[in-house]
Amino acid sequence: MARPDSRIVRIDYGYFVRPAAETGTGSDRVEGVLGYAVLHPDGVLLLDTGMGEHPDVDAHYRPRRTPLPRALGAQGLEPDDVSLVVNCHLHFDHCGGNPLLPGRPVVVQDVELAAARRPDYTLPELVDSPGTTYECIDGDAEVLPGVLVLPTPGHTDGHQSVVVRQPSGAVVVLAGQAHDTATEFSADALAVRAASEAPDDVLPVPRAWVARLLAFDPARVYFAHDHAVWTPS
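Residues numbered from 1 in each chain as written. Predicted model: local features only at pLDDT ≥ 70, side-chain atom pairs only at ≥ 80, totals over all residues. Heavy atoms only, no water.

Right, let's get into the nonpolar core. Residues Ile-11, Ala-37 and Leu-46 are the most contacted members of the largest nonpolar core, which totals 30 residues. Ranked by residue count, the leading element in this core is strand β1 (residues 7-18), at four residues. For Ile-11, the contacting residues outside a window of four places in its chain are Val-33, Leu-34, Gly-35, Tyr-36, Ala-37, Leu-46, Ala-71, Leu-72 and Gln-75. The next biggest cluster of nonpolar side chains, apart from the first, holds 20 residues, and it includes Tyr-36, Val-38, Leu-45 and Val-86. (Core = buried A, V, L, I, M, F, W, Y, C linked by side-chain atoms within 4.5 Å. Buried < 20%, exposed > 50% of the residue type's maximum accessible area, 1.4 Å probe, protein only. Helix = DSSP H or I, 4+ residues; strand = E, 2+ residues; numbered from the N terminus. Contact = heavy atoms within 4.5 Å.)

Next comes the structure, spelled out in structure tokens:
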């Protein structure tokens, strides 16, 4: 009997307000904080766990949090259902719920964990909370059958994304904050296409992993800070 496709559900952790000094637009911007649960026949993988709390963070970003148990509950899940955590990276808005999942393996690139343990990277109490167990990888790893974690550095040196290859043949990419928006990803995808069609032109050059993600022929690409979803043209 063929294995069923994994179901992928969005987990809404709330939002924060990115100050104008960080947006490049001269205006504040409200950004969603999104995770994704992969309901795989062999377990539930959770990409990102929400926002951590700290007075300085709250004053700077004015977050409105949906706590991990409530965010999971909105999709009919509980923390005990989660068997594996993947953090796209270890900034406060992606690993904030990790302390609520003790004992669950947390897959992270080794360069990301090393960076997160240095001063002024993220909230230290989120990195090595009691019961946190890291599975450090260096590059690609198949963490469940058909589910790949692969490096997509840029936002941080250790950023990673998840590629879900379904038994039906469909591919979904959970890109985290590899790009802030689907529009930014679309621009890089078009740059890859343009380079193949007009190799002699001087064109924008996206990071090499963009072409690698596109080579999986994804039907959808999801992001951590954008409710929009990229689909191929």
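Next comes the rest of the write-up.
Let us now look at the packing of helix α7 (residues 182-197) against helix α8 (residues 208-215). Running from amino to carboxyl end, α7 crosses α8 at an angle of 85 degrees, the nearest separation of the two axes being 10 Å. Considered as vectors, α7 and α8 are oriented roughly perpendicular to each other. Where α7 abuts α8, its residues Phe-185, Asp-188, Ala-189 and Val-192 lie against Val-210, Ala-211, Leu-213 and Leu-214. (Axes fitted to C-alpha atoms, helices over the stretch in contact; angles between N-to-C directions. Parallel < 35°, antiparallel > 145°, perpendicular 65-115°, else oblique.)

Now for α8. Helical geometry note: an α-helix holds 3.6 residues per turn, so side chains three or four residues apart project in the same direction. All of the buried residues along α8 are Trp-209, Val-210 and Leu-213. Around the axis of α8, the buried residues are gathered within 110 degrees of arc, so they sit on the same side. Structural note: α8 exposes Ala-208 and Ala-215 on the side pointing more than 90 degrees away from its buried face. Here the buried face of α8 lies against β9 (147-151), β10 (160-165), β11 (171-174) and α7. Among the residues trailing α8, Asp-217 stands out with phi positive, at a value near 55 degrees. (Arc of directions from axis to C-beta.)

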